[in-house]
Structures are given as C-alpha cells and as structure tokens.
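Structural overview
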Amino acid sequence: GVHERSAWALEWVQGWLAEERFAASRLVFVTRGAVDGTDLSAAAVWGLVRSAVSEEPGRFGLVDLAGEEELPASALGVDEPQLLVREGRLLAARLVRVPARAE
C-alpha cells in the first residue's frame with residue numbers, strides 16, 4: 001500500500017543520508033506509473049523523493065517507467081534529478097519560453 005511503500009522509501013532516504021560512506025554517491029529510485037498516475041503508491045514515493053532531491057541536490061534521483069518499459073542502463077548515469085523513460089527515450093523536464101499569443 002501507499003503507507004508501506006512511503007515508509008520504505010523514507011527509511012531508505014534517511015539511511016542513505018546518515019551513512020557517511022554514501023556522501024559522494026547518488027541513490028536512484030525507479031518507479032513504474034508514478035508520473036502518469038497508474039500507481040498511487042509509486043506516486044507517493046515519487047513525491048517524497050522529489051522533496052529529498054530539493055533538500056539534498058545530487059544525492060537522489062528518480063526514474064519513472066511506463067507500462068512494461070525496461071530500464072535502460074544509460075538512465076542511471078544521466079545527471080538529472082528526474083527522468084521519465086517513454087518508448088525507450090529518456091525525458092527530462094525543461095522550461096522553455098513560449099511566445100505570447102496575440103489577442
């Protein structure tokens with residue numbers, strides 16, 4: 001359930017931060033269906049780890065898979081805090097300027 005998986009993720013986050021030997025390493029959480037809302041417990045883990053990412057930049061990563069998507073090994077080496085794997089492609093969030101519409 002949501003509570004159990006969230007507690008598990010929180011335990012990992014806290015344990016990772018407490019271990020000095022992991023100070024130069026990054027822990028990546030891989031979820032399936034967290035971003036598209038098909039797995040609510042995965043979405044809860046995604047939200048919890050996103051908070052940890054913002055508090056401890058570089059220490060955690062998130063990768064979300066869709067459906068039966070496989071985890072490409074290259075996803076673990078990308079220096080992005082959050083990635084989606086969709087149709088074999090790695091997607092990262094970006095802000096872009098959009099021209100204002102003329103009214």
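Everything below is about the structure shown above.
Residues numbered from 1 in each chain as written. Predicted model: local features only at pLDDT ≥ 70, side-chain atom pairs only at ≥ 80, totals over all residues. Heavy atoms only, no water.

**Re the packing of helix α1 (residues 2-18) against helix α2 (residues 40-55)**
Two elements in contact, α1 and α2, have axes whose closest approach is 8 Å; the angle formed by their N-to-C orientations is 25°. The angle between the axes of α1 and α2 places the two elements in the roughly parallel class. In this structure, the crossing between α1 and α2 has a hand that is right-handed. Together, Val 2, Arg 5, Ser 6, Ala 9, Leu 10 and Val 13 of α1 and Leu 40, Ser 41, Ala 42, Ala 44, Val 45, Leu 48, Val 49 and Ala 52 of α2 make up the contact between the two elements. Residue classes in the contact of α1 with α2 are distributed as eleven nonpolar, two polar and one charged. (Axes fitted to C-alpha atoms, helices over the stretch in contact; angles between N-to-C directions. Helix = DSSP H or I, 4+ residues; strand = E, 2+ residues; numbered from the N terminus. Parallel < 35°, antiparallel > 145°, perpendicular 65-115°, else oblique. Left-handed = near helix turned anticlockwise from the far one by under 90°. Contact = heavy atoms within 4.5 Å. Nonpolar A, V, L, I, M, F, W, Y, C, P; charged D, E, K, R; others polar.)

**Some remarks on the environment of Val 53**
Residue placement: Val 53 occurs in helix α2. On the basis of relative accessible area, Val 53 is assigned to the buried category, the value being 10%. What Val 53 contacts, discounting residues up to four positions off in sequence, is Phe 60 and Pro 81. (Buried < 20%, exposed > 50% of the residue type's maximum accessible area, 1.4 Å probe, protein only.)

**Things to note about the pairing of strand β3 (residues 82-86)**
Note on strand geometry: in a regular strand, side chains alternate between the two faces of the sheet. One ladder, built from four bridges, connects strand β2 (residues 60-65) with β3; its direction is parallel. Looking at the pairing, Leu 62 lines up with Gln 82 of β3. Two strands pair when backbone bridges link them, and β3 and strand β4 (residues 89-91) are joined in this way by three bridges, in the antiparallel orientation. Bridge pairing in β4 links Arg 86 to Arg 89. Hairpin connection of β3 to β4: two residues between the antiparallel strands, including Glu 87 at a positive phi of 55°. (Pairing = 2+ DSSP bridges.)

**Section: the pattern of salt bridges**
Tallied over the full model, the rule gives four salt bridges. Salt-bridge contacts for Glu 19 lead to Arg 21; the nearest nitrogen and oxygen are separated by 3.1 Å. (Salt bridge = Lys/Arg side-chain N within 4 Å of Asp/Glu carboxyl O.)

**What to know about the sheet that holds strand β1 (residues 27-32)**
If you trace the four strands from one edge of the open sheet to the other, you get β1-β2-β3-β4, paired in mixed fashion. Each of the sheet's edge strands pairs with one partner strand only, and the pair in question is β1 and β4. The average angle at which neighbouring strand axes cross in this sheet is 25°, direction not considered. α1 contacts β1 and β2 of the sheet and is inclined by roughly 165° relative to β1. Where α2 meets the sheet, its contacts fall on β1, β2 and β3, and the angle it forms with β2 comes to roughly 155°.

**Here we look at the nonpolar core**
Counting 14 residues, the largest nonpolar core has Val 13, Leu 27, Phe 29, Val 45, Val 49, Phe 60 and Leu 62 as the members making the most contacts within it. Of all the elements in the fold, those that place two or more residues in this core are α1, β1, α2 and β2. Of all the elements, α2 adds the most residues to this core, at six residues. Core analysis: the second largest hydrophobic core is formed by five residues, Val 63, Leu 65, Ala 75 and Leu 83 among them. (Core = buried A, V, L, I, M, F, W, Y, C linked by side-chain atoms within 4.5 Å.)

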